[in-house]
Protein chains: 4
Amino acid sequence: MITMNKKIIVGVLGAGRIGKLHVENMLKLPNIEVKTIADPFIENAEEWGKALNIPNLVKEPKKIMNDPEIDVVFICSPTDTHIEMIEAAANAGKNIFCEKPISFSDEETLHAYEVIKKNNVKAQIGFNRRFDKNFARVEDNVSSGKIGDLHILRITSRDPEPPNLDYVKSSGGMFMDMTIHDFDMARFVSGSEVSEVSVMGNSLVNPEISKLGDIDTAIITLKFENGALGVIDNSREAVYGYDQRIEAFGSKGATEIENELDTRVKLSTGDSVSEDQPLHFFLERYNDAYVNEVEQFFYAIRNNEEVPCTFKDGIMAQRIAQAAKESLMSNKPVKVKNIKE
Amino acid sequence: MITMNKKIIVGVLGAGRIGKLHVENMLKLPNIEVKTIADPFIENAEEWGKALNIPNLVKEPKKIMNDPEIDVVFICSPTDTHIEMIEAAANAGKNIFCEKPISFSDEETLHAYEVIKKNNVKAQIGFNRRFDKNFARVEDNVSSGKIGDLHILRITSRDPEPPNLDYVKSSGGMFMDMTIHDFDMARFVSGSEVSEVSVMGNSLVNPEISKLGDIDTAIITLKFENGALGVIDNSREAVYGYDQRIEAFGSKGATEIENELDTRVKLSTGDSVSEDQPLHFFLERYNDAYVNEVEQFFYAIRNNEEVPCTFKDGIMAQRIAQAAKESLMSNKPVKVKNIKE
Amino acid sequence: MITMNKKIIVGVLGAGRIGKLHVENMLKLPNIEVKTIADPFIENAEEWGKALNIPNLVKEPKKIMNDPEIDVVFICSPTDTHIEMIEAAANAGKNIFCEKPISFSDEETLHAYEVIKKNNVKAQIGFNRRFDKNFARVEDNVSSGKIGDLHILRITSRDPEPPNLDYVKSSGGMFMDMTIHDFDMARFVSGSEVSEVSVMGNSLVNPEISKLGDIDTAIITLKFENGALGVIDNSREAVYGYDQRIEAFGSKGATEIENELDTRVKLSTGDSVSEDQPLHFFLERYNDAYVNEVEQFFYAIRNNEEVPCTFKDGIMAQRIAQAAKESLMSNKPVKVKNIKE
Amino acid sequence: MITMNKKIIVGVLGAGRIGKLHVENMLKLPNIEVKTIADPFIENAEEWGKALNIPNLVKEPKKIMNDPEIDVVFICSPTDTHIEMIEAAANAGKNIFCEKPISFSDEETLHAYEVIKKNNVKAQIGFNRRFDKNFARVEDNVSSGKIGDLHILRITSRDPEPPNLDYVKSSGGMFMDMTIHDFDMARFVSGSEVSEVSVMGNSLVNPEISKLGDIDTAIITLKFENGALGVIDNSREAVYGYDQRIEAFGSKGATEIENELDTRVKLSTGDSVSEDQPLHFFLERYNDAYVNEVEQFFYAIRNNEEVPCTFKDGIMAQRIAQAAKESLMSNKPVKVKNIKE
């Protein structure tokens, strides 16, 4: 067992954008040591890693899995490697932080879940928005009863620019790589499971996306088990910047957040009265949330508590994304199944 | 033909809330005379009508239809009388202002449309929100290209309190009495016809409404002919007050309106930082819009121009409402047919 | 005595911008008749007056003063004619609505006040902002104790463009023609008399204004009899539009209004996130306030109640303006004397 | 000379609230080591210091001054020790970060300035607000010409609660301990020196403060050398929370910031529509600014550039505070002298 003051030793799989982000955030936390980073293309990250004094920059995941000093593994490698890495880490008795989505296969994800439970390790999924103070406050306003029973949950989630087409080919589709955050947010804020999904989608931003069998614009309607209704609107391209809003409406009121802007500065001229523009994208918008996310993960490990975003949370968001894909194809509402535990 | 300065003589059918509202607004306009008001229960409006010096307060619509001095008929009587009144007024050569919805029957509405066209009279439908300066500006931002091609249209429309159950029985259902305004707004702002509707609804405000076969909470998804997507969220009861918002999102930006509040006054105390509350309901919220609506109607008559909200607009909103009802029943998307002219 | 339903017959002196505004507003009110308008240059207003069916368009004020049918005189002529017109109207037993400032001479104003009191007629001064629903709500928040004891009152008041230099020559100076509204607002919202004024001013907008002995930019600090402090900032030119804000801060909180914009529409593009721009100037910004102002004046006459903005209010605002001028000249704080009644 | 990658070794004088804050922030920065903290009551900070692994927790400043390894001294001890500490550190060749105000004596401050210049060390004064991204953006909007020539600068600065009376006795008065930040902000945003100050003040929050010869509520008017005017309103107690706003108004427009709130979450109920409340006080409100402040200080040292908030900035803010005190006493405007260099 890891006690309060013991240093936690971390290994990181994947030195891409999100892996680097987590490493840099962990370096600011007390009593956390990032010992090893493994990436098949580690040469691209060597300069960065050395400047940060990371002891081991390696190619092989087993340098992490086989290192008995390492307590925790961050899985920031591509989605198609997740299952193998999760199971290896769990079998090595290491606690796991895994980026979303867990995988593209419900069956494989459930198998990994069994391995985690069998080894009794902790596993947190990287739904960073739960750790944003604005979204967390909305969730608190709902769960503490300030708006009464939830009737309508409304999420707007738009990216500032579409991903490149190579990414689209391998991402699992818009619902799996982008909307999955909104599906998690819907479950998080409502405190209820989604039972049914209905989708209208289109490819309005870039017709090339349509040729790859994906969409870039969607309205997704949700029915929750508790009877409430939800709606998500998505676009791959909001030219004014990343747009992240939510509103929960209920029997006693409503709570909402407007999009976050860089500053609260206003500029009035003969031409216009302008607010500041939104923060560019998720790295800027959720900067503090990413720090909170790993702090709470380490807190859960140190105090042997439940992690704040569980493996089941990852499974369910993935299932809703899968149902949304089916609804888009069939032009009909599709049921979402809960897992049995 | 009515020239610019000629006085226009008006007859009004129905002296209920909306009839009285139009009369009081018309009395402030130059060169408009409200000569006759007809209502089977005119005794309830006599004191009011006399205080306003209305010359004739009668029970019989024919006192209006047969009066050659009367140029214009306002039809503010119950929906089930509309068709008969429209056809009588049109056959008497009178221009018509008719409240929404036109009727509950597409067939009857189309018949009335033929009578109107045959008699070559003008007919405006009372979708008052088009004349609100906020909504009109959003429409202008879209039609003038400020947001590029429309991708997503989002409408929030919530009443402050549910209607009484007697009203629910005869109103034609939530889509026909309440959402019909939102359907019109969707067509107005998008500048496109709705081709498909998909609904998720529930009865969360008052279970008695459910027993009457109606709902009080809904998410309605729209597909437009031009490819754009739309979504409307409705509730019969927003405890904080009437809530009317819209956002149009497109390839070059977005334009939106927040809910209108009574004043812009803020109050900060040790307990809270509060804005003012919303205007109570449609009479307060659309006070100026109701005045603009009739002014523009009379302007169209005087200048022999197209009215700003046509009979066809009334037909199409009614058809979308009908399709929404079918989608709710069948739990499937339903197509909306355009009319042939 | 004028009873509730009796028609009130009005004569108007001055057919300039503000005279016309009041006439057009009065024409929308029930049981008010504008019988006669007098202006030495009445020929410039004849087309306008005839279109509105005003019975008498004359040059001579005595056509109003000597007409026993006329109950009420609106004095909208130049400031230097006010005293003569007030005294003539009062001596003719007519109730008076007079635009601000009453005069440039405290002595003459006090003399006119005696004539009014001797004749026992009502006299309302045209401080229109008191009748704006935003400012009225702030006053109500203060007088009802919502912010506790007033500590600081802050007023921002900036015109969209400087007046022409001819106007500057005859207006009595910025404090007398522009800030006088803010001085009235300070007394109205605080519910207290101003006891001392201190000014820093400069001519930053247009140096020509300085050559005429006036300023165009000022910070005016106020001490109230109840101990509270106040500050007004003025500019003759806010290029983004008319800017009218107020904040009252006290022992239990604060209440404020932001500047009023034309609509609540927001537009977000790749370049900026813009609110709508402010309403251009006082005619647009205080449109409803001007209507409320005359409605409340006529209500006071019909019900024989105190008018909502008294002749004393006019005297005191004028005295503060005079003290501000002295403070600017002497670069020292200057006391303001209350009147004895 | 200290190169980019060399570790900077820091000594800190004073382990009170602000000293601890700087230490905790420095621990998150790369290549900064806090080696020694000196405080006569160091025993109160031992538990805290040991948990952070600070090597030396001592009572004597000379343990810092005499340590050749220490490059930088943070002076966070009481104001009446500043001069002695500044001079000792400068004579020891150490770079200095000193909290505000430098001292209560212009003469002593100028002497310390000579010692600093003679020893050619860097000295930054702790006006943290310059490093807040909102205020920095306002300054940038002004200095980059976005609002043209500055005409009016308006600062609202109110604390959430008055200090205890013991603090009032030794703080140098409200202008020296609180408004001094606003005086610095006025110079920073305007880019101009203040040439004249005029004050109206009162003791409205707590009459005990008045008995100690101080005030708790003030309006301070400023004249800048460039002709612009400024105004600061202060209160020792805003019951709704710390209130920090600024507006710069000029020939081509205006730029402003509203008060910063904890989140952007809104809550609408049947009772009210509420924003979140302000961040409690300076530690919460300027959390990020304190980090930026020391980061920029170390950046200046590493790159041998001018510090972003100079000793002269400290002198001038202190002089304006002194002039404000004189104006309050004399009830007259008071000139501020610039220093000759």
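See the structure printed just above.
First, a word on scope: everything that follows refers to the structure included in this document. (Residues numbered from 1 in each chain as written. Chains lettered and ligands numbered in written order. Predicted model: local features only at pLDDT ≥ 70, side-chain atom pairs only at ≥ 80, totals over all residues. Heavy atoms only, no water.)

### Remarks on the interface of chain B and chain D
Okay, step 1: If you look at the interface, chain B gives 15 residues, while chain D gives 15 residues.
Okay, step 2: On the chain B side of the contact with chain D, Val273(B), Glu275(B) and Gln277(B) bury the most area, a combined 42% of that side's loss.
Okay, step 3: On inspection of chain B and its partner chain D, the count reaches zero salt bridges.
Okay, step 4: Across the contact surface, chain B and chain D share six residue pairs in polar contact (both at pLDDT 80 or more).
Okay, step 5: Every element with two or more residues in the side of chain B that touches chain D is listed here: β13 (265-269) and β14 (273-275) of chain B. (Contact = heavy atoms within 4.5 Å. Buried area = accessible area lost by both parts, 1.4 Å probe. Salt bridge = Lys/Arg side-chain N within 4 Å of Asp/Glu carboxyl O. Polar contact = N/O pair within 3.5 Å; in protein donor to acceptor, adjacent residues only side chain to side chain. Helix = DSSP H or I, 4+ residues; strand = E, 2+ residues; numbered from the N terminus.)

### Brief notes about the pairing of strand β12 (residues 253-257) of chain C
Residue and element names in this part refer to chain C.
Okay, step 1: For β12, a buried count of five out of five residues is recorded, marking the element as mostly surrounded by other parts of the structure.
Okay, step 2: Of the two faces of β12, the one lined by Gly253, Thr255 and Ile257 and the one lined by Ala254 and Glu256 are each fully buried.
Okay, step 3: In this structure, strand β11 (residues 243-250) lies alongside β12, joined through five bridges in antiparallel fashion. Each residue of the ladder has a partner; that of phenylalanine 249, found in β12, is alanine 254.
Okay, step 4: The antiparallel hairpin formed by β11 and β12 contains two residues in its connecting segment. (Buried < 20%, exposed > 50% of the residue type's maximum accessible area, 1.4 Å probe, protein only. Pairing = 2+ DSSP bridges.)

### Observations concerning the relation of the copies chain B and chain D
Okay, step 1: Superposition of chain B onto chain D requires a rotation of 180° combined with a translation of 0.0 Å along the rotation axis, giving an RMSD of 0.0 Å. One copy is carried onto the other by what is essentially a two-fold rotation axis. Using C-alpha coordinates, one finds that chain B approaches the rotation axis most closely at Ser274(B), a distance of 2.1 Å. (Least-squares fit on C-alpha atoms with pLDDT ≥ 70 in both.)

### Considering the side chain of Ser203(A)
Residue and element names in this part refer to chain A.
Okay, step 1: Relative to the elements of secondary structure, serine 203 occurs in the loop between β8 (194-202) and α9 (207-211).
Okay, step 2: Within polar-contact distance, the side chain of serine 203 engages the backbone oxygen of asparagine 206 at 3.0 Å.
Okay, step 3: One polar contact links the side chain of serine 203 to the main-chain amide nitrogen of serine 210, over a distance of 3.4 Å.
Okay, step 4: With residues up to four places along the chain from it excluded, the contact list for serine 203 reads Ile209, Ser210, Asp214 and Asp216.

### Some remarks on the pairing of strand β8 (residues 194-202) of chain D
All names here are of chain D.
Okay, step 1: Among the nine residues in β8, seven count as buried, and that is most of the element.
Okay, step 2: Bridge count for β8 against strand β9 (residues 217-224) is eight bridges, and the pairing is antiparallel. Residue pairing across strands places serine 198 opposite threonine 221, the latter belonging to β9.
Okay, step 3: Of the strand pairs in this sheet, β8 and strand β15 (residues 334-335) are connected by two bridges, and their pairing is antiparallel. Its bridge partner being in β15, valine 197 is matched across the sheet by valine 334.

### As for the side chain of Asn95(B)
Okay, step 1: Along the chain, Asn95(B) falls in strand β5 (residues 95-98).
Okay, step 2: Contacts of Asn95(B), omitting those with residues within four sequence positions, involve Asp71(B), Val72(B), Val73(B), Val121(B), Lys122(B) and Ile301(B).

### Description of the packing of helix α4 (residues 82-91) of chain A against helix α5 (residues 106-119) of chain A
All names here are of chain A.
Okay, step 1: One way to put it is that α4 packs onto α5 with a least axis distance of 9 Å and a crossing angle of 10°. Accordingly, the angle class assigned to the pair α4 and α5 is roughly parallel. Counted together, Ile83, Ile86, Glu87, Ala90 and Asn91 of α4 and Glu108, Thr109, His111, Ala112, Val115, Ile116, Lys118 and Asn119 of α5 form the full contact between these two elements.
Okay, step 2: Of the residues that constitute the contact of α4 with α5, the class distribution is six nonpolar, four polar and three charged. (Axes fitted to C-alpha atoms, helices over the stretch in contact; angles between N-to-C directions. Parallel < 35°, antiparallel > 145°, perpendicular 65-115°, else oblique. Nonpolar A, V, L, I, M, F, W, Y, C, P; charged D, E, K, R; others polar.)

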